[in-house]
Amino acid sequence: MEPEVGAGPVTEGGSPAVEGGRPPVEEGDPPAATEDRQTTRRSFLRWLGGLTIVTTAAMVLTPVVGFLIPSKNGASAGGGKVLVGTTADIPAGSGKVVAMGSKPAIVVNTEQGVKAFSAICTHLGCVVAFNDMVGAIQCPCHDGRFNPATGVVVSGPPPAPLPPITVSVEGDQIYLTEA
Ligand code: FES
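Our next topic: the nonpolar core. Grouped burial of nonpolar side chains is what soluble globular proteins tend to show. Ile106, Ala119, Val128, Ile137, Phe146 and Leu162 are the most contacted members of the largest nonpolar core, which totals 13 residues. Listed in part, the 12 residues of the second largest apolar core include Met100, Val107, Ala116 and Leu176.

Bringing unusual backbone geometry into the picture now. In this structure, aspartate 143 takes a positive phi of about 60° despite not being glycine. Counting through the fold element by element, aspartate 143 comes out in the loop between β7 (136–138) and β8 (145–146). Judged by its relative accessible area of 34%, aspartate 143 falls in the partly exposed class.

It is worth spelling out the pattern of salt bridges at this point. On inspection of all chains with the given rule, the structure shows 2 salt bridges. Here lysine 81 and glutamate 170 are joined by a salt bridge, their closest N and O atoms 2.4 Å apart. In this pair, lysine 81 sits in strand β2 (residues 81–86) while glutamate 170 sits in strand β10 (residues 164–170), placing the two residues 89 residues apart along the sequence. For glutamate 170, a relative accessible area of 38% corresponds to the partly exposed category.

Once that is clear, we can look at the confidence of the model for the chain. Mean pLDDT over the chain works out to 81, with 72% of the residues at or above the 70 mark. This stretch, residues 1–18, has a pLDDT under 50; its non-local contacts, to residues over four places away or in other chains, come to 9 contacts.

Let us look at the pairing of strand β11 (residues 173–177). Alignment of β2 against β11, held across 5 bridges, turns out to be antiparallel. When the bridges of β11 are listed, glycine 85 appears paired with isoleucine 174. The pairing of β10 with β11 spans 5 bridges and is antiparallel. Within β11, the residue paired with glutamate 170 across the bridge is glutamine 173. If you look at the hairpin formed by β10 and β11, you'll find 2 residues sitting between the two strands, and glycine 171 has a positive phi there, around 70°.

So, how was this worked out
Residues numbered from 1 in each chain as written. Predicted model: local features only at pLDDT ≥ 70, side-chain atom pairs only at ≥ 80, totals over all residues. Heavy atoms only, no water. Core = buried A, V, L, I, M, F, W, Y, C linked by side-chain atoms within 4.5 Å. Buried < 20%, exposed > 50% of the residue type's maximum accessible area, 1.4 Å probe, protein only. Helix = DSSP H or I, 4+ residues; strand = E, 2+ residues; numbered from the N terminus. Salt bridge = Lys/Arg side-chain N within 4 Å of Asp/Glu carboxyl O. pLDDT = per-residue confidence, 0-100. Contact = heavy atoms within 4.5 Å. Pairing = 2+ DSSP bridges.

Dropping the structure here:
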């Protein structure tokens, strides 16, 4: 039997083989420039998706890693006082998650002075961090936000404020007092 004229190679599934990895051009296909633009848009969206994943991972992991790596200043000064850093470590307008015993605490240097709270979110227990871009203590899990001077919930799902921790600044040294 004679092969059919014009028939190209056929794959196992019976569909026409694709040469060079591209589908055959058919009538009504978009021009090449449109295809290139779609490829560029697809690449950009893929890059944006990757950036979002990396940013989210950094937001979640930064406070956790900060808590897990022991502070060189995290020595107990007796009487339940724990040295957690200096004012140079936490300059005005910034905050830091520190270890207080086995629990994370967040120390924030605000206009109202140095404040500290439990760093465990009152919603579902994620470790919060200070976000200097929004000027709030922020939970990376569901975007709960707390006032850095009072620990009160500003927005999001947390049902209660962050429990405060007693802070004392002696010279340039910041101490937290264990309850
Ligand atoms: S765990 Fe913090 S907002 Fe949900």
